[in-house]
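Below are the chains, spelled out letter by letter.
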Amino acid sequence: MSLGGTAGQQLPVDLVTMGRASIVDEIAAARARSRVRFRTLFVLTWVVLVGGLALLILSSGKTDFSFLVGEWGNFIIAGVPVTIIVSICSIVLACIFALLGALGRLSTIAPVYSVASLYVSLIRGTPLIVQIFFWYAALPQFGIVLPAFLAGVFALSFNYGAYMTEIFRAGIQAVPRGQREAAAALGMTERQTMRRVVLPQAIRIVIPAVGNEFIAMIKDSALVSYVGIQELFFRAREVGTRFFHSFEALALAALIYWLLSIILSLFQERLEQRLAESDRRS
Amino acid sequence: MTTPTSAPRERVRDPFAIPGTLVPPGAEPIVHLEAIEKYYGSNHVLKGCTLEVYPRETICLIGRSGSGKSTLLRCTNFLEEPTVGVVEVDGIRVEADPLHARSRAHREQLRQIRLRAQMVFQEFNLFPHMRVIDNLIEGPIRVRGVSKDQAVATAEKYLAKVGLSEKRDEYPGRLSGGQKQRVAIARALSMEPKVLLFDEPTSALDPTLVGEVLKVMAELAHEGSTMVVVTHEMAFAREAADRVYFIEEGVFVEAGPSDEVIDDPKDPRTRKFLERLLDKA
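What you see is a predicted model; the values in this text were computed from it and never measured.

A few points about the overall build of chain A
- A tally of helices and strands in chain A yields 10 helices and 0 strands.
- Relative to the 2.2 N^0.38 estimate, which gives 19 Å for 282 residues, the radius of gyration of chain A is 28 Å and therefore markedly larger than a compact globule would have.
- By sequence separation, contacts in chain A at least 24 residues apart represent 74% of the contacts at least 6 residues apart.

Re the pairing of strand β1 (residues 31-40) of chain B
Residues and elements named next belong to chain B.
- Where β1 meets strand β2 (residues 43-53), 8 bridges bridge the pair, whose relative direction is antiparallel. Bridged to Val31 within β2 is Val53.
- The hairpin turn running from β1 into β2, its antiparallel successor, is 2 residues long, and Gly41 in that turn takes a positive phi close to 60 degrees.
- Pairing of β1 with strand β4 (residues 84-89) involves 5 bridges; the strand directions are antiparallel. Following the sheet pairing, His32 is matched in β4 by Glu88.

What about unusual backbone geometry?
Residue and element names in this part refer to chain B.
- Positive phi values are uncommon outside glycine, yet Ala35 reaches one of about 45 degrees.
- Along the chain, Ala35 turns up in strand β1.
- With phi around 75 degrees, Arg56 is a residue other than glycine that occupies positive phi space.
- Locating Arg56 in the fold gives a position in the loop between β2 and β3 (58-62).

Examining the nonpolar core
- Among the nonpolar cores identified, the biggest contains 134 residues, and Ala98 of chain A together with Leu61, Val195, Val228, Val244, Tyr245 and Phe246 of chain B are the most heavily contacted of them.
- For this core, the leading source of residues is helix α6 (residues 148-174) of chain A, giving 12 residues.
- If we ignore the near neighbours within four places in the chain, the residues touching Val195 of chain B are Ile30, Val31, Val53, Val89, Arg116, Ala117, Thr226 and Val228 of chain B.

Observations regarding the sheet that holds strand β7 (residues 195-199) of chain B
Residue and element names in this part refer to chain B.
- One open sheet holds the 6 strands; their spatial order is β6-β7-β8-β3-β9-β10, and the pairing between them is mixed. The sheet is open, and its two edges are formed by β6 (117-120) and β10 (251-257), each paired on a single side. For this sheet the average axis-to-axis angle between neighbouring strands, irrespective of direction, equals 20 degrees.
- Relative to strand β8 (residues 227-230), β7 runs parallel, the two sharing 4 bridges. Each residue of the ladder has a partner; that of Leu196, found in β8, is Met227.

A word on the interface of chain A and chain B
- Facing 16 residues of chain A, the contacting portion of chain B comprises 21 residues.
- When residues of the side of chain A that touches chain B are traced back to their parent elements, those giving at least two are α7 (177-186) and α8 (190-220) of chain A.
- The element that contributes the greatest number of residues to the side of chain A that touches chain B is α7 of chain A, accounting for 7 residues.
- Looking at the side of chain A that touches chain B residue by residue, the class counts come to 7 nonpolar, 6 polar and 3 charged.

With respect to the sheet that holds β1 of chain B
Residue and element names in this part refer to chain B.
- The 4 strands are arranged β2-β1-β4-β5 in an open sheet whose pairing can be described as antiparallel. Every other strand in the sheet has two partners, leaving β2 and β5 (92-95) as the edge strands with one partner each. Here the strands of the sheet are splayed against their neighbours by 15 degrees on average, with no regard to which way each runs.
- Bridge count for β4 against β5 is 4 bridges, and the pairing is antiparallel. Among the inter-strand pairings, Val89 is bridged to a residue of β5, identified as Ile92.
- Across the sheet, helix α1 (residues 69-76) is in contact with β1, β2 and β4; its angle to β1 comes to roughly 120 degrees.
- Packed on one face of the sheet, helix α2 (residues 104-116) meets β4 and β5 and runs near 130 degrees to β5.

What to know about the confidence of the model for chain A
All names here are of chain A.
- Across chain A, the average pLDDT comes to 90, with 91% of residues at or above 70.
- Model confidence for chain A, summarised as mean pLDDT per element, is weakest for helix α1 (residues 7-59) at 83 and strongest for helix α4 (residues 110-124) at 97.
- Taken as a whole, residues 1-8 scores under 50 in pLDDT and shows 5 contacts with residues more than four places along the chain or in a different chain.

Description of α4 of chain A
Residue and element names in this part refer to chain A.
- Compared with the 21 Å implied by 1.5 Å per residue over 15 residues, the 21 Å span of α4 between its first and last C-alpha is a close match.
- Of all the residues in α4, the buried ones are Ala116, Val120 and Ile123. What you see down the axis of α4 is that its buried residues fit within an arc of 85 degrees, all on one side. Structural note: α4 exposes Ala110, Pro111, Ser114, Leu118, Ser121 and Leu122 on the side pointing more than 90 degrees away from its buried face.
- On its buried face, α4 is in contact with α3 (79-105) and α6.

Observations concerning α8 of chain A
All names here are of chain A.
- The end-to-end C-alpha distance of α8, which contains 31 residues, comes to just 37 Å, noticeably less than the 45 Å that a straight helix rising 1.5 Å per residue would cover.
- Considering bend angle alone, the principal kink of α8 is centred on Val198 and spans about 45 degrees; proline Pro200 follows within four residues of it.
- Every buried residue of α8 is accounted for by Val197, Val198, Ala202, Val206, Val210, Glu213, Phe214, Met217 and Ile218.

Here's the deal with the confidence of the model for chain B
All names here are of chain B.
- Per-residue confidence for chain B gives a mean pLDDT of 91; residues scoring 70 or more make up 94%.
- Note on residues 1-7: pLDDT is under 50 here. Beyond four places in sequence and across chains, it has 5 contacts.
- Interface confidence for the predicted complex, expressed as ipTM, amounts to 0.90; the pTM equals 0.83.

As for the environment of Asp242 of chain B
- By the element assignment, Asp242 of chain B lies in the loop between α7 (234-240) and β9 (243-248).
- Take Asp242 of chain B: there are 21 C-beta atoms within 10 Å of it, and that puts it in the buried class.

Parameters and conventions
Residues numbered from 1 in each chain as written. Chains lettered and ligands numbered in written order. Predicted model: local features only at pLDDT ≥ 70, side-chain atom pairs only at ≥ 80, totals over all residues. Helix = DSSP H or I, 4+ residues; strand = E, 2+ residues; numbered from the N terminus. Rg over C-alpha atoms; globule rule 2.2 N^0.38 Å. Contact = placed C-beta atoms within 7 Å. Pairing = 2+ DSSP bridges. Core = buried A, V, L, I, M, F, W, Y, C linked by C-beta atoms within 7 Å. Buried ≥ 20, exposed ≤ 12 C-beta atoms within 10 Å, placed from the backbone. Axes fitted to C-alpha atoms, helices over the stretch in contact; angles between N-to-C directions. Nonpolar A, V, L, I, M, F, W, Y, C, P; charged D, E, K, R; others polar. pLDDT = per-residue confidence, 0-100. Expected span 1.5 Å × (residues − 1). Arc of directions from axis to C-beta. Bend = angle between axes of the 7 residues up to and from the residue.

Given below as structure tokens:
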């Protein structure tokens, strides 16, 4: 064992490391057990609460889900792709508005800064539902008639663009100053610096926040049903009214919205983890 | 110091300018800082610094933190706008004009100076979203309008020079601090500048990585690159620099051949600074 050293020094060291290894394993095992217990209780609580509520409602005898099986259920579910398409179109447009808004809010040219600030202030200061009706119902008075889909997407994206302006502004400002200095020192113009150096890094920074906005957008897209876009909520309302069973139809729609949010949140978490990992590498 | 005047001002000469051994006879200075003053608010950071750098010589600026040495270097390529004074680099002469700093013509002149005087930063400032090779060709392609093939060839040449050819396609995040700084030096070289400015290039490095960067810099100095280096590395300054300027509270108090200033400082302030630095080492 000992290589010329004193055996008396070697022995206790071995004992200590052996003892440490086993206690480390035990701690890890205990942590794992308590994690599993926590998760099990978490899921059980959800099952009890949601299941109990569902049982309570079903046992009231006042509900009848049978009309949703088949044609009418499918009719409601067919609103999901519409909801998703409206949300995707709107988030893409909103990103463009937000980018322009952020560049405006960072501009040193007074009128540009002023216009961007006006946009943010006006949009954030008025209700989304009013804006939706404005695009669809008020503009025709001036001869500007937008199809329902366009009016809805414009309203949503213009609204979200204003909120996301601050996200993009913060993202641009989060790019270290040294990056701009390095670009300037290379001789790049301010425009080149923004386009080639700052924005590519800022976009990476804002991706998680944009994901959150997208999830919020899925839910707010229900509001565009008021201009006649046949998305999820519109269809649920139609079916519910027709059969005088709004509860069942709306419950189905709510369940679908909820599932969409959960699925997108999982994606979002994965994306954030991936970005965090690649940040650790850099 | 400087008197405001509308007539073309007389050129202020640098009393410490002694062209080094590599300087061709009869050469004119390639960098000329004349009576540079810089205020941050009411804080007078630079109080009239005049500096001439001849082609092929290496100058080190030394002094304690906050003495203004980095600010002076950053005034040379206008990352800081001097409050008063004139900067001339390779024939491009720009008078400090903080009241009209944003005019298009002024900014174009600054760009011309920056093309000629490339800077290496303390914090490397590589572009993390670009591979090493893309970091190196970005400036030549976008700013100098070099063709991509030519830019890549030049970049590969300088990457080999700093000994990092095999890192060509890596992202900066996968490099050590020393490697990052060598890439940053290669990036500056790829612009084929007339002058290299180094702003404390080894201060952000792990002590074990300082050597590899200083070695590259010493090589450049011995090959006759024109360099202005802000540094705390006295061994490097003595070995690689032709002349050393000691700056304190925004003025040059002593300057001269590097071995004279570092081994046998005349001014008591220089002596005190060097003693403290040696105590710490």
